[in-house]
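For reference, the chains in residue letters:
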Amino acid sequence: MAVVREFTLPDLGEGLTEATIVHWMVEVGEVVAVDQPVVEVETAKAMVEVPCPYGGVVTARFGEEGAEVPVGAPLVTVAVGAVPDDLAGTGPAAPGSGAGAESGAPDAGAPTAPAAGGASADGAGDSGSGNVLVGYGTSAAAARRRRIRPGTGAGPGAGVPRPPGRAADGSAGAGADEGMPGVPGAVPAGATAVGAAGTDGSARADGASRAGAVEDANRTVAVISPLVRRMAREHGLDLRELAGSGRDGLILRTDVECAIRALQERETAGAAGAVARGGAGGPTGVAGVARIGAVGSATGGAGMAGEERIPLKGMLGAAAEKFSRSRREIPEATCWVEADATELLAARKAMNVPGAPKVSLLALLARICTAALTRFPALNSTVDTEAQEIVRLPAVHLGFAAQTDRGLVVPVVRDAQARTVEELSAEIARLTETARAGGLSLAELTHGTFTLNNYGVFGVDGSTPIINHPEAAMLGVGRIAAKPWVHEGELAVRQVVQLSLTFDHRVCDGGTAGGFLRFVADCVEQPALLLRSL
């Protein structure tokens, strides 16, 4: 007798809360081995092949390619043990569902995965995976998440539009895609939930509303992600007033973002409405004004002919969030200086002798950075905002900006301070090639302590870059161009580069930042100075 195991999207690390299905690597009915990759997903940081910790026959897949799946949502179900004779007729889809196995959640009568520790009699549940994606892959079957259903009373969440195919109790009907965070039609969900707080007093006096409010207050909030809770807390949102568009009413980041936008629109429209009314009282509350303002903006100024809307999802969305957080939290300052790089270029040419591994200019600059951070360790640090402490880091994990077809990524060279120029050059070349192929792992993209940004490859001289949060500084390097320069008392044409340092003013003052940048410039002009720190 086969036991059907449900494999959910595991925690892929670094606080990631969802992933996008890129490519299914198995079909329904296919036999899979333990730890065999079953799906390729794209997170906010990298492309990842997700292995399944169960061996057996795939009985169902959840989510189509391109769908966004939250952590904890089902990916596949696997029949562990003997292959059923009626495999073609099994699966978690509800009887009579036209959507098939890929369309929704398992039916109440379908086989389900047992709870943690509930192994089958033949011991199939005790066999585990040796794989180590965060959240699964040890020795026992993972515990199933308790199904959290949203409240059904007439409370603040009542009447919130739900995604098509989802019943009022939060369960998915036939054709509902469990992995989808919501369709465009579900965007007003957050707006209605927030707007409900601004309705007139007569609605609140209704007995059903009071009963629903009590039920809603006692209801468990269906949130998994700490990021979602933090966003709601920062914007003053009550998560109990939101109806999630995720599986079983799970509140996703998109739901909170919609609610935040609706709240901002309501405040703007409310202020405009107050001016238009000229102080005249009326039955229309703030919620009504918000709805009128939202309709007006959607049909008036927002509808430009031929406009293109690009979702802030995946790597693009992660980068946007990181840039915004950096600007919100870090009081940054920038200083810059021009340096004569003629001698540095000559030194690189002398190193690249025939038969020896090539040394890149970026590797030389990286070595200069590590030497400067040894002298000025305050810039190789981070700020612990909760503990209100500056944390100076013992190792230099040097990130460098790399432009790829999928956007800007920052691969990290581990323990850069312990590497030679030749080793730095080889590692930077390897990481760059892997980044352009889209094969960087999370470990190669995270936990950097300082970033080197060579924007000179774009043909520009200077920039004031945004610090790669939670780091404390970033060195920017412009293009190297021939310019008139006073050299040894005479005017000459030299190869000049502009260097800029953007730093977190909480970790050091201008003297430290200026000393760091001056040391870097001196090493660019006289590479022999590096010999003192070898």
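All values derive from a computational prediction rather than experimental measurement.

The buried count for strand β16 (residues 450–454) comes to 4 of 5 residues, which makes it a mostly enclosed element. Looking at chain direction, strand β12 (residues 398–400) and β16 are connected through 3 bridges and run parallel. Counterpart to Phe400 in the pairing with β16 is Leu452. Looking at chain direction, β16 and strand β17 (residues 473–477) are connected through 4 bridges and run parallel. Within the sheet, the bridge partner assigned to Asn453 lies in β17 and is Gly476.

Turning our eyes to something else, we now look at unusual backbone geometry. Cis peptide bonds are those with omega within 30 degrees of zero, and the linkage from His469 to Pro470 qualifies with 10°. Note on placement: Pro470 falls in the loop between β16 and β17. Phi is positive for Gln388, which is not a glycine, with a value near 55°. Along the chain, Gln388 falls in the loop between β10 (381–384) and β11 (389–392). A positive phi angle, near 50°, is found at Asp415, a position not held by glycine. For Asp415, a relative accessible area of 35% corresponds to the partly exposed category.

In a regular helix each residue adds 1.5 Å, so 16 residues correspond to 22 Å; helix α10 (residues 421–436) covers 23 Å between its end C-alpha atoms and thus fits that length. Among all positions in α10, only Val421, Leu424, Ser425, Glu427, Ile428, Leu431, Thr432 and Ala435 are buried. Buried residues in α10 make contact with α9 (361–375), β12, β13 (402–404), β14 (407–409) and β15 (412–413). Once α10 finishes, Gly438 follows within two positions and takes phi at roughly 75°, a positive value.

Bringing the sheet that holds strand β4 (residues 36–42) into the picture now. The strand order across the open sheet formed by 4 strands is β5-β4-β2-β7, and the pairing between neighbours is antiparallel. A strand with exactly one partner marks an edge of an open sheet, and here the two such strands are β5 (47–52) and β7 (68–70). Across the sheet, the axes of successive neighbouring strands diverge by a mean angle of 45°, strand direction being ignored. Relative to β4, strand β2 (residues 18–24) runs antiparallel, the two being bridged by 4 bridges. Of the residues in β4, the one forming a bridge with Trp24 is Val39.

Here we come to the side chain of Glu18. Mapped onto the elements of the fold, Glu18 is located in strand β2. Its relative accessible area of 16% is what places Glu18 among the buried residues. Among residues more than four places away in sequence, those in contact with Glu18 are Glu68, Val69, Pro70, Val71 and Arg253.

What follows is about the environment of Cys508. Within the element layout of this structure, Cys508 appears in the loop between β19 (490–504) and α11 (510–525). Taking relative accessible area as the criterion, Cys508 reaches 8% and is therefore assigned buried. For the pair Cys508 and Ala378, spaced 130 residues apart in the sequence, the C-alpha separation amounts to 6.4 Å. With near-sequence residues (within four places) excluded, Cys508 lies in contact with Ala378, Leu379, Phe503 and Ala513.

Turning next to the nonpolar core. Counting 54 residues, the largest nonpolar core has Phe450, Leu452, Leu499, Leu501 and Val524 as the members making the most contacts within it. Residue assignment for this core shows that the elements contributing at least two residues are β9 (332–340), α9, β12, α10, β16, β17, β19 and α11. It is α9 that contributes the most residues to this core, 10 residues altogether. Not counting residues up to four positions away in its chain, the partners in contact with Leu452 are Leu362, Leu365, Ala366, Cys369, Leu398, Gly399, Phe400, Ala401, Leu475 and Val477. Counting residues in hydrophobic clusters, the runner-up holds 25 residues, among them Leu12, Ala19, Val38 and Ala73.

This part is about the packing of α9 against α10. It is at 8 Å that the axes of α9 and α10 come closest, and there the two elements cross at 125°. Here α9 lies oblique to α10, going by the angle between them. The hand of the α9/α10 crossing is right-handed. Listed contacts from α10 to Leu362, Ala363, Leu364, Ala366 and Arg367 of α9 are Val421, Leu424, Ser425 and Ile428. Partitioning the contact of α9 with α10 into residue classes produces 7 nonpolar, 1 polar and 1 charged.

Our focus in this paragraph is the pattern of salt bridges. Within this structure, the stated rule accounts for 15 salt bridges. Of the charged contacts, one joins Lys483 and Glu338 as a salt bridge, the two residues approaching to 3.6 Å between their closest N and O atoms. In this pair, Lys483 sits in strand β18 (residues 481–487) while Glu338 sits in strand β9, placing the two residues 145 residues apart along the sequence. In the salt-bridge network here, residues are joined through shared partners; they are Asp340, Glu343 and Arg494.

Another point: α11. Taking 1.5 Å as the rise per residue, α11 with 16 residues should run 22 Å; its terminal C-alpha atoms sit 22 Å apart, in good agreement. Among all positions of α11, only Ala513, Phe516, Leu517, Phe519, Val520, Ala521, Cys523, Val524 and Glu525 are buried.

Our focus in this paragraph is the sheet that holds strand β3 (residues 31–32). Spatial ordering of the open sheet is given by β1-β8-β6-β3, a layout of 4 strands whose pairing is antiparallel. Here the strands that pair on one side only, and so sit at the sheet edges, are β1 (3–8) and β3.

The next point concerns the pairing of β4. Bridging between β4 and β5 involves 6 bridges; their strand directions are antiparallel. Within β5, the residue paired with Glu42 across the bridge is Met47.

Any pair of aromatic rings gets described here by the distance separating the centres and the angle formed by the planes. Across all of its chains, the model carries 2 aromatic pairs by this definition. Between the aromatic rings of Phe376 and Phe516, the centroid separation amounts to 6.4 Å while the plane-to-plane angle is 75°, which identifies the pairing as edge-to-face. Here Phe516 lies in helix α11 and Phe376 lies in the loop between α9 and β10, a separation of 140 residues in the sequence. On the basis of relative accessibility, which here comes to 0%, the residue Phe516 falls in the buried class. Taken together, the aromatic side chains of Phe376, Phe450 and Phe516 make up a single cluster linked through ring pairs.

About the cut-offs
- Residues numbered from 1 in each chain as written.
- Predicted model: local features only at pLDDT ≥ 70, side-chain atom pairs only at ≥ 80, totals over all residues.
- Heavy atoms only, no water.
- Buried < 20%, exposed > 50% of the residue type's maximum accessible area, 1.4 Å probe, protein only.
- Helix = DSSP H or I, 4+ residues; strand = E, 2+ residues; numbered from the N terminus.
- Pairing = 2+ DSSP bridges.
- Expected span 1.5 Å × (residues − 1).
- Contact = heavy atoms within 4.5 Å.
- Axes fitted to C-alpha atoms, helices over the stretch in contact; angles between N-to-C directions.
- Core = buried A, V, L, I, M, F, W, Y, C linked by side-chain atoms within 4.5 Å.
- Parallel < 35°, antiparallel > 145°, perpendicular 65-115°, else oblique.
- Left-handed = near helix turned anticlockwise from the far one by under 90°.
- Nonpolar A, V, L, I, M, F, W, Y, C, P; charged D, E, K, R; others polar.
- Salt bridge = Lys/Arg side-chain N within 4 Å of Asp/Glu carboxyl O.
- Phe/Tyr/Trp six-rings, centres within 6.5 Å; stacked < 30°, edge-to-face > 60°.

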